[in-house]
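Breakdown of the fold
As a plain string of letters, each chain reads:
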Amino acid sequence: MTNKLEQLKTMTTVVADTGDIDAIAKWRPEDATTNPSLLLKAAASDAYRPMLDQAVADARRHGGSSAEQLTLATDTLAVLAGREILNLIPGVVSTEVDARLSFDTNATLDRARRLVDLYDRQGVDTNRVLIKIASTWEGIRAAEQLEKEGIRCNLTLLFSFIQAAACAQAGAFLISPFVGRILDWHLANSDRNSFAPAEDPGVLSVSRIYNFYKANGYDTVVMGASFRNTGEIEMLAGCDRLTISPVLLQELQDDTGTLPRQLSAQGASTGDRLGTVDEQLFRWESNEDAMATEKLADGIRRFTADQIELEQRVRQLAQAA
């Protein structure tokens, strides 16, 4: 009998949730996704030092103020990492726009276009790149425009049904609902200390979104993310894509039990009825969802903090050069 990881791959595209080059080389996933937190961890490894040096040198040659050089260097580092990852996988890599731009549509558009241009300058097929943007109202509007320009987007930090509905109506290529962070909130805000996988709030949220999309013919890809345990992953077997950390990939590979399919486009049905999601509806429904509001804000703060720390590391390297 094959292990659960191999069984999962027969029904779901497995994505590596890591920026670690060695881990990606080991697991050989179809796709990979990164964010500032993952890049910060990876940047401490020897494998990233040549990329750091090149990013700083390229930004210095480009010129501009020290602040402009710093943001260009971190963007270049993300692109160089993405290029290396693409050399190891057959599919796509996701690269994230600075979380500090999450509430600025025009700034998000500019940064996304620059990331794509940087990839193009590195000789990368930009069809293999997804631009990650936070699922704020402003981020979704930026993604809508980018999709029209042929730049495919991964809408991240997604915690609510209204976010998912707005992303699909905007024509986003892919969404990343955060399963584990939804669970974290419910554990912190209830008298429970655990949830069985079948009643895990994050699992139920993604299952609801998946069935709504498939029943209504939306093409937007659903990629569950931020898992806390393999039980959550198993309950979403059959989802379009799942992005999984190396630790949980190992647990799945070590498990030789049977993994049944849980989600299927053919069997999708939904009781959700929703018209056009305009800004007023989006903001009202978001306001009414305490979990989604709090976790979105927390996620943006966390990614911003790691982005700033990454910039500090790049600044120190530039000063030492």
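Residues numbered from 1 in each chain as written. Predicted model: local features only at pLDDT ≥ 70, side-chain atom pairs only at ≥ 80, totals over all residues. Heavy atoms only, no water.

**Notes on the side chain of Asn35**
Relative to the helices and strands, Asn35 is located in the loop between strand E2 (31-33) and helix H3 (36-42). Of the residues examined, Asn35 reaches a relative accessible area of 10% and is grouped as buried. Within the structure, Asn35 has its side chain in polar contact with the backbone nitrogen of Leu38 (distance 2.8 Å). Contacts of Asn35, omitting those with residues within four sequence positions, involve Glu96, Lys132 and Phe303. (Helix = DSSP H or I, 4+ residues; strand = E, 2+ residues; numbered from the N terminus. Buried < 20%, exposed > 50% of the residue type's maximum accessible area, 1.4 Å probe, protein only. Polar contact = N/O pair within 3.5 Å; in protein donor to acceptor, adjacent residues only side chain to side chain. Contact = heavy atoms within 4.5 Å.)

**With respect to the pattern of salt bridges**
Under the definition given, this model contains 25 salt bridges. Residue Asp75 pairs with Arg111 through a salt bridge whose shortest N-O separation is 3.6 Å. Placement of the pair is Asp75 in helix H5 (residues 66-86) and Arg111 in helix H6 (residues 105-121), with a sequence separation of 36 residues. Given the relative accessible area of 5%, Asp75 is considered buried. A salt bridge links Arg208 to Asp272; the shortest N-O distance between them is 2.8 Å. Taken together, the residues Arg208 in helix H10 (residues 201-216) and Asp272 in the loop between helix H12 (246-254) and helix H13 (279-288) connect sequence positions 64 residues apart. For Arg208, a relative accessible area of 39% translates into the label partly exposed. (Salt bridge = Lys/Arg side-chain N within 4 Å of Asp/Glu carboxyl O.)

**Examining the environment of Pro177**
Mapping Pro177 onto the fold places it in strand E6 (residues 174-177). Taking relative accessible area as the criterion, Pro177 reaches 1% and is therefore assigned buried. When the C-alpha positions of Pro177 and Leu38 are compared, they lie 17 Å apart, and in sequence the two are 139 residues distant. Among residues more than four places away in sequence, those in contact with Pro177 are Leu158, Val206, Val222, Met223, Gly224 and Ala225.

**Points about the pairing of strand E7 (residues 221-224)**
Two faces make up the sheet, and in a regular strand the side chains alternate between them. Taking every second residue as pointing to the same face, both faces of E7 are buried, with Val221 and Met223 on one and Val222 and Gly224 on the other. Looking at chain direction, E6 and E7 are connected through two bridges and run parallel. Residue pairing in the sheet places Leu174 in a bridge with Val221 of E7. Each parallel crossover has a hand, and for E7 linked through helix H11 (residues 230-235) to strand E8 (residues 241-244) it is right-handed. (Pairing = 2+ DSSP bridges. Right-handed = clockwise from strand over helix to strand, strands pointing away.)

**Some thoughts on the sheet that holds strand E4 (residues 129-134)**
Spatially, the eight strands close up into a barrel ordered E1-E2-E3-E4-E5-E6-E7-E8, and their pairing is parallel. Here the strands of the sheet are splayed against their neighbours by 30° on average, with no regard to which way each runs. Against the sheet, helix H7 (residues 137-148) touches E4 and strand E5 (153-158), its axis set at about 165° to E5. (Axes fitted to C-alpha atoms, helices over the stretch in contact; angles between N-to-C directions.)

**Regarding the nonpolar core**
With 90 residues, the main nonpolar core has Leu8, Ile131, Leu155, Ile175, Tyr213, Leu236 and Ile244 as its most contacted residues. Of the residues forming this core, the biggest block, ten residues, is contributed by H5. Here Tyr213 is in contact with Ala164, Ala165, Cys167, Ala168, Ile175, Tyr218, Thr220 and Val222, once residues within four sequence places are set aside. Core analysis: the second largest hydrophobic core is formed by 13 residues, Phe178, Met291, Leu296 and Ile300 among them. (Core = buried A, V, L, I, M, F, W, Y, C linked by side-chain atoms within 4.5 Å.)

**So, unusual backbone geometry**
Phi at Arg28 is positive, roughly 45°, even though this residue is not glycine. Tracing the backbone through its elements, the reader meets Arg28 in the loop between helix H2 (21-27) and E2. A relative accessible area of 49% places Arg28 in the partly exposed class. Phi at Ser226 takes a positive value of approximately 60°, unusual for a residue other than glycine. Within the secondary structure layout, Ser226 lies in the loop between E7 and H11. Looking at Ser226, the relative accessible area reads 11%, which means it is buried.

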